[in-house]
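Below are the chains, spelled out letter by letter.
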Amino acid sequence: MIVRPKDSQSIVTLLFALRGSIIPVIWPQVLYTVLLSIAIVIAEHWGFALQFSPNPAYLTLLGLTLAIFLGFRNTVAYQRWWDGRALWGDLVIASRDLARQTLNFMPGLPQPQRRQLVYAIIAFVQALRHHLRGTDADEDLRAWLQPAAYSRVQTASNRPNAVLTVLGEDYVRSARDSGIDSMLLCAMDQQVNQFSRVLGSCERIRNTPIPFAYILLLHRTVHIYCFILPFCLISSLGWFTPIAVGILAYTFFGLDAIGTQIEDPFDLLPNDLPLDALSRTIEINLREMLGESELPEPIEPKGDVLT
């Protein structure tokens, strides 16, 4: 996720900042259209260009239609991004609640057993992060799960779900050992159910992309529009055509690229959600609740990007 710099409201930052902007992603497309415009202007100056001036209404209607398509697509993509962030916010809350209930409702449970339950919550968070990003979770699972639990989870196709199964069994067994009331166990089971809801909802977002036919149509229309721009503007703008084309290309290619980046909010692109930082926050909070003092540092942005 892009973290805005402290001077993000200054004119210099707004106009010239590269870190945190979409320019590093789209500069080849923008440069291509600008070079094409320069070539057309030079060729027109020497009398070699095939100039055509369609009705301005055609270019206006095409640009308006394209802007509407891009706006709709980016709205849908941002809604997916925000839904993912809301789900991880629910996960933060449920993790803290379950850890607090574990420590408060089971005072007679030995401290190592309570620590094992809280560590299993951290293991689920780490397993979910790796599951959504398609990365290897072995190291984190081995660090937070007991050997027997790790052996069960290691071979599962859906590791977060396997961790939830182990977590549920551990809570039922611990509730019996500590002799707590069934109503209190039901309250803790509701938090485990919340974990399951977060897992299923995140999988729904990750496994259901925006239809490819719609994305393909949008990409093609953006490229076609930016390609014909210099031919349509040269008669009225002359040598200023490359500047106008560069600004329009930056706008349309930028909107297209931003929508692509946030469509899958759990990926590792700069504008995606900072799952590493959120997971570290949950780990720090839960270990503080256990009374541990040797805690890891929160993950800080690198180059204005928080992962």
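Participant: Break down the packing of aromatic side chains for me, with residues and values.
Facilitator: The geometry of an aromatic ring pair is captured by two quantities: the separation of the ring centres and the angle between the planes. Throughout the structure, instances matching the rule amount to seven aromatic pairs. Ring centres 6.0 Å apart and planes at 75° place the aromatic pair Phe 72 and Tyr 214 in the edge-to-face group. Linking Phe 72 in helix H3 (residues 56–105) with Tyr 214 in helix H9 (residues 212–237), this pair joins segments that are 142 residues apart in sequence. Judged by its relative accessible area of 23%, Tyr 214 falls in the partly exposed class. Put simply, the rings of Phe 69, Phe 72 and Tyr 214 touch in pairs and so form one group of aromatic residues.

Participant: Report on the side chain of Ser 174, specifying residues and quantitative values.
Facilitator: Looking at the secondary structure, you find Ser 174 in helix H7 (residues 159–178). A polar contact is formed between the side chain of Ser 174 and the backbone oxygen of Asp 170, at a distance of 2.8 Å. Here Ser 174 is in contact with Met 106, Leu 109, Gln 113 and Leu 117, once residues within four sequence places are set aside.

Participant: Break down helix H11 (residues 275–289) for me, citing the residues and quoting the values.
Facilitator: Helical geometry note: an α-helix holds 3.6 residues per turn, so side chains three or four residues apart project in the same direction. The terminal C-alpha atoms of H11 lie 21 Å apart, and with 15 residues this matches the ideal 21 Å at 1.5 Å per residue to within 8%. Within H11, 11 of the 15 residues are buried, leaving the element largely enclosed by the surrounding structure. Among the residues of H11, Leu 275, Asp 276, Ala 277, Leu 278, Ser 279, Ile 282, Glu 283, Ile 284, Asn 285, Leu 286 and Arg 287 are the ones counted as buried. Looking at the residues trailing H11, positive phi occurs at Gly 291, about 90°.

Participant: Describe the nonpolar core, and please don't skip the residues or the numbers.
Facilitator: Formed by 56 residues in total, the largest nonpolar core has its most connected members in Trp 88, Leu 91, Leu 141, Leu 145, Leu 167 and Phe 195. By residue number, the principal contributor to this core is helix H4 (residues 111–133), which donates 12 residues. Judged by nonpolar contacts, the second largest core, of 20 residues, contains Leu 218, Val 222, Phe 253 and Ala 257.

Participant: Tell me what's going on with the environment of Val 125, and back it up with residues and numbers.
Facilitator: Relative to the helices and strands, Val 125 is located in helix H4. Considering only alpha carbons, one finds Val 125 and Cys 226, 101 residues apart in sequence, at a separation of 44 Å. Those residues in contact with Val 125, other than ones at most four positions away along the chain, are Trp 88, Leu 91, Ser 95, Ser 279 and Ile 282.

Participant: Outline a nonpolar patch on the surface, listing residues and values.
Facilitator: The grouping of Trp 27, Leu 31, Leu 35, Ile 38, Ile 42, Trp 46 and Trp 239 at the surface amounts to a nonpolar patch, some 800 Å² of accessible area in total. For Trp 46, a relative accessible area of 61% translates into the label exposed.

Participant: An account of the environment of Gly 254 is requested, with residue identities and associated values reported.
Facilitator: The topology assignment puts Gly 254 in helix H10 (residues 241–263). On the accessibility criterion, Gly 254 (4% relative accessible area) is buried. Linking Gly 254 and Ser 174, residues 80 residues apart in sequence, is a C-alpha distance of 53 Å. Aside from chain neighbours lying at most four places away, what touches Gly 254 is Ile 22, Ile 26 and Ala 249.

Participant: So what's going on with the pattern of salt bridges? Residues and values would help.
Facilitator: Scanning the entire structure with this criterion turns up 14 salt bridges. Residue Arg 115 pairs with Glu 292 through a salt bridge whose shortest N-O separation is 3.8 Å. Residue Arg 115 is found in helix H4, and its partner Glu 292 is found in the segment after H11; the two are separated by 177 residues along the sequence. Overall, Glu 292 belongs to the buried group, its relative accessible area being 18%.

Participant: Pulling in residues and values, what's your account of helix H8 (residues 182–207)?
Facilitator: Between the first and last C-alpha of H8 there are 37 Å, a value that for 26 residues agrees with the 38 Å anticipated at 1.5 Å per step. Among the residues of H8, Met 188, Gln 191, Val 192, Phe 195, Val 198, Leu 199, Ser 201, Cys 202, Glu 203 and Ile 205 are the ones counted as buried.

Participant: Tell me about the packing of H4 against H7, and name the residues and values.
Facilitator: A pair of packed helices is captured by two measures, namely the crossing angle of their axes and the spacing between those axes. Between H4 and H7, the least distance of the axes is 9 Å, while the angle of their chain directions is 165°. Classified by the angle between their axes, H4 and H7 sit roughly antiparallel to one another. Of the two elements, H4 crosses H7, and the hand of that crossing is left-handed. Residues Gln 113, Gln 116, Leu 117, Ala 120, Ile 121, Ala 123, Phe 124, Ala 127, Leu 128 and His 131 of H4 form the contact with H7, whose own contacting residues are Arg 159, Pro 160, Val 163, Leu 164, Leu 167, Asp 170, Tyr 171, Ser 174 and Asp 177. Taken together, the residues of the contact of H4 with H7 sort by class into 12 nonpolar, four polar and three charged.

Definitions and cut-offs
Residues numbered from 1 in each chain as written. Predicted model: local features only at pLDDT ≥ 70, side-chain atom pairs only at ≥ 80, totals over all residues. Heavy atoms only, no water. Phe/Tyr/Trp six-rings, centres within 6.5 Å; stacked < 30°, edge-to-face > 60°. Helix = DSSP H or I, 4+ residues; strand = E, 2+ residues; numbered from the N terminus. Buried < 20%, exposed > 50% of the residue type's maximum accessible area, 1.4 Å probe, protein only. Polar contact = N/O pair within 3.5 Å; in protein donor to acceptor, adjacent residues only side chain to side chain. Contact = heavy atoms within 4.5 Å. Expected span 1.5 Å × (residues − 1). Core = buried A, V, L, I, M, F, W, Y, C linked by side-chain atoms within 4.5 Å. Patch = residues over 30% accessible without salt bridge, like charges linked within 9 Å, V, L, I, M, F, W, Y side chains within 5 Å. Areas by Shrake-Rupley, 256 points an atom, 1.4 Å probe, with all protein chains shown as cover. Salt bridge = Lys/Arg side-chain N within 4 Å of Asp/Glu carboxyl O. Axes fitted to C-alpha atoms, helices over the stretch in contact; angles between N-to-C directions. Parallel < 35°, antiparallel > 145°, perpendicular 65-115°, else oblique. Left-handed = near helix turned anticlockwise from the far one by under 90°. Nonpolar A, V, L, I, M, F, W, Y, C, P; charged D, E, K, R; others polar.

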